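Examination of the molecular architecture
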Amino acid sequence: MQMVLQIVLLVAGFVALIKGADLFVDGSSSLAAIFKVPSIIIGLTIVAMGTSAPELAVSTSAAINGSNEIAVSNVVGSNLFNLLMVLGVCALIKPLPLDNVIKKRDFPFSIIITIALFAALGVGVLRSTDFATVKMNDTVTTLERWMGIALLVIFVIYLIVLIRSALKNKTEGEAVKQMSPLKSVLFILIGIALIVAGGHFVVESAKYIAAAFGMSETLIGLTIVAVGTSLPELVTSVVASRKGENGLAVGNVVGSNIFNILLILGVSGTIHPIRVNFASMIDIAILIATSILVFIFALRNKINRPQGAVMILIYIATMVFAIVR
């Protein structure tokens, strides 16, 4: 009976995260529009942060509660899911063209920051790890507070570059629906409350389920939690792809992956240093390798259906490896 309750709470947590993010985006976008903020800036900041809000809530809650494995594996798992499953499914629906700016600036940047994170953490691994005896769940390094602060500084710089580029090109985004100031603020407050509550329920329920089935927090963070918190990106990108807005589908995924690394790990690491186990280091290495592969697919300006199918198969193989290791 307790297990059924925890599964219900987990599902309820995911629903609260997704609905909360939706309300937060609507309220914030409306409030920004009231103050005459250009819609393209709203899209680059509020909407992008809104789709990353579930990951932020879960990883922050995990960091505060000392569930460090979930904090890291949720981000890595979400990025893998976004990159391979979300883009793979979108490519199966319709071949995905890549915008030149995403291909030349954002996609390479997402790979560079992931490599930089792996290198920074790798120093601790090399210093303290006996590779002959190390186990997957052994803590091998720490994402220190200074690393979290550095990630946040890079995030702010990246955001400034995005906004300056958008203002220079003067390309307006989709018109934002305006509500009354009171209703906008109410949506924001309810959205934040749902996001915080949902993040708490997901972390606590996931920990219980992991313990009950003998699963590690890393595994449940990489699989169930990562997929659940990535649902906004999946829904947004698939709907965009079906409507023919393929550029939005790719931009949403790449942007979300950058936000996950810089903002979410940055905030989580700044709140509390995060212990990183050997399994998470392997997962980050897999994320780097798959990111490079998808970037190679994209060099011809389009991710086609066969490549999309390969990406989905790689994701399935990665999850099977995570379960059996």
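Nothing here was measured: the structure is a model prediction, and the numbers come from that model. (Residues numbered from 1 in each chain as written. Predicted model: local features only at pLDDT ≥ 70, side-chain atom pairs only at ≥ 80, totals over all residues. Heavy atoms only, no water.)

Describing the overall build of the protein chain
The cut-off we apply is this: A helix here means a DSSP run of H or I that spans at least four residues, while a strand means a run of E at least two residues long, and both kinds are numbered starting from the N terminus. Atoms counted for the radius of gyration: C-alpha only. Globule rule: 2.2 Å times the number of residues to the power 0.38. Relative accessibility decides the category of a residue: with a 1.4 Å probe and only protein chains considered, values under 20% of the type maximum give buried, values over 50% give exposed, and everything between is partly exposed.
A tally of regular secondary structure across the protein chain gives eleven helices and four strands. For a compact globule of 325 residues, the expected C-alpha radius of gyration is about 20 Å, and the protein chain comes in at 19 Å, within 12% of that figure. Counting only C-alpha atoms, the protein chain reaches 60 × 45 × 40 Å along its principal axes. For the protein chain, the residues scored as buried account for 50% of the 325 residues in total.

Regarding helix α8 (residues 231–242)
As a reminder of what qualifies: Helices are assigned an expected span. That span is 1.5 Å times one less than the residue count.
Between its terminal C-alpha atoms α8 stretches 16 Å, which fits the 16 Å expected from twelve residues at 1.5 Å a residue. Of all the residues in α8, the buried ones are Pro232, Glu233, Ser237, Val238, Ala240 and Ser241.

Here we look at the packing of aromatic side chains
Selection rule: Whether two aromatic rings pair depends on their centres lying within 6.5 Å, for rings of Phe, Tyr and Trp, where Trp uses its six-membered ring; planes under 30 degrees apart make the pair stacked, over 60 edge-to-face, and the rest tilted.
Following the criterion strictly, the structure yields five aromatic pairs and no others. Aromatic side chains Phe81 and Tyr315 sit 5.6 Å apart centroid to centroid with 75 degrees between the ring planes, which places their arrangement in the edge-to-face category. Of the two residues, Phe81 sits in helix α3 (residues 68–93) while Tyr315 sits in helix α11 (residues 305–324), which places them 234 residues apart along the sequence. Both residues of the pair, Phe81 and Tyr315, belong to the buried class.

Side note on a nonpolar patch on the surface
How we decide: Without a salt bridge and with relative accessible area above 30%, a residue can belong to a patch; like charges are then joined within 9 Å and nonpolar side chains (Val, Leu, Ile, Met, Phe, Trp, Tyr) within 5 Å. Only the protein chains shown count as cover for residues, with accessible areas throughout obtained via the Shrake-Rupley method and a probe of 1.4 Å. In the sections that follow, a salt bridge refers to a side-chain nitrogen of Lys or Arg positioned within 4 Å of a carboxyl oxygen of Asp or Glu.
A cluster of nonpolar residues, Leu313, Ile316, Val320, Ile323 and Val324, forms a patch on the protein surface that exposes about 500 Å² of accessible area. Judged by relative accessible area, which is 54%, Ile323 ranks as exposed.

Remarks on the packing of helix α10 (residues 278–298) against α11
Here is the rule we go by: Angles shown run from 0 to 180 degrees and are taken between the N-to-C directions of axes, each axis being a line fitted to C-alpha atoms and, for helices, limited to the stretch in contact. Here the word oblique covers every angle except those under 35 degrees (roughly parallel), over 145 (roughly antiparallel) and from 65 to 115 (roughly perpendicular). Whether two residues touch is decided by their heavy atoms; if any such pair falls within 4.5 Å, the residues are in contact.
Remark: α10 packs on α11, axes separated minimally by 11 Å, with the N-to-C direction vectors making an angle of 175 degrees. Judged on the interaxial angle alone, α11 and α10 are roughly antiparallel. Judged by residue contacts, Ile282, Ile286, Thr290, Leu293, Val294 and Phe297 of α10 engage Gln307, Val310, Met311, Ile314, Thr318 and Phe321 from α11.

Observations concerning the environment of Val238
Counting through the fold element by element, Val238 comes out in helix α8. Spatially, the C-alpha atom of Val238 lies 7.4 Å from that of Val89, the residues being 149 residues apart in sequence.

Description of α10
Spanning 21 residues, α10 covers 30 Å between terminal C-alpha atoms, matching the ideal 30 Å at 1.5 Å per step. Burial of α10 is extensive: 15 of the 21 residues sit out of reach of the surface.

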